[in-house]
Amino acid sequence: MEMKLFFEKISTEIENAVKKDINKILKEIGEERVCAIAFVTDSDCIILYLAINTYEYMNKKDHEYIELLQDKLSEEYIKKSKGRFLQYHKMESG
């Protein structure tokens, strides 16, 4: 019974922390669109954190990697990546 109470308490605390953090993060990202959310922990469940990615951030990182590695990437890969960029902007505008 003692473990049941422990898990009920910790579940409530985690839920409250996630709600607080997600609201803060959503305010920080403004108009960006969320594409992925993950609740991450280590193997001992000592560290917990909430991670959120947006389409805009991922698009920015794609372009940074292309610029950084363009001499090492195939032309086909670069075209595919730029195609994803164009698809994203079509979704955004229409």
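Just so it is clear, the model here is predicted, and its values are computed rather than measured.

Engineer: Looking at this model, I keep getting lost on the packing of aromatic side chains. Mind explaining?
Structural biologist: Any two aromatic rings considered together are summarised by their centre-to-centre distance and by the angle between their planes. In this structure the tally under the stated criterion is 1 aromatic pair. When the ring of Phe6 is compared with that of Phe7, the centres are 5.1 Å apart and the planes differ by 70 degrees; the resulting orientation is edge-to-face.

Engineer: Just checking my understanding: could you explain the pattern of salt bridges for this structure?
Structural biologist: If the charged atoms of two oppositely charged side chains come close together, the side chains can form a pair. Under the criterion given, the structure shown has 5 salt bridges. In this structure, Lys9 engages Glu13 in a salt bridge whose closest nitrogen and oxygen atoms are separated by 3.7 Å. Linking Lys9 with Glu13, this pair stays in helix α1 (residues 2–29), spanning 4 residues, or about one helical turn. In this structure, the salt-bridge partner of Lys19 is Glu15, at a minimum N-O distance of 3.1 Å. One end of the pair is Lys19 and the other is Glu15, both in helix α1 and 4 residues apart, which spans about a single turn. According to the relative accessible area criterion, Lys19 is partly exposed, its value standing at 45%. For Glu15, a relative accessible area of 43% puts it in the partly exposed group. Three or more residues joined by partner-sharing salt bridges are found here, namely Lys60, Lys61 and Glu64.

Engineer: Just to check I follow, could you spell out helix α2 (residues 55–69) for this structure?
Structural biologist: Within an α-helix, residues lying three or four positions from one another point in the same direction, as the helix has 3.6 residues per turn. In this model, α2 (15 residues) spans 21 Å end to end at C-alpha, consistent with the 21 Å of a helix rising 1.5 Å per residue. Among the residues of α2, Glu56, Asn59 and Ile66 are the ones counted as buried. For α2, the arc enclosing every buried residue in end-on projection is 90 degrees, short of the 170-degree limit, so these residues lie on one face.

Each value, and the rule that gives it
Residues numbered from 1 in each chain as written. Predicted model: local features only at pLDDT ≥ 70, side-chain atom pairs only at ≥ 80, totals over all residues. Heavy atoms only, no water. Phe/Tyr/Trp six-rings, centres within 6.5 Å; stacked < 30°, edge-to-face > 60°. Salt bridge = Lys/Arg side-chain N within 4 Å of Asp/Glu carboxyl O. Helix = DSSP H or I, 4+ residues; strand = E, 2+ residues; numbered from the N terminus. Buried < 20%, exposed > 50% of the residue type's maximum accessible area, 1.4 Å probe, protein only. Expected span 1.5 Å × (residues − 1). Arc of directions from axis to C-beta.

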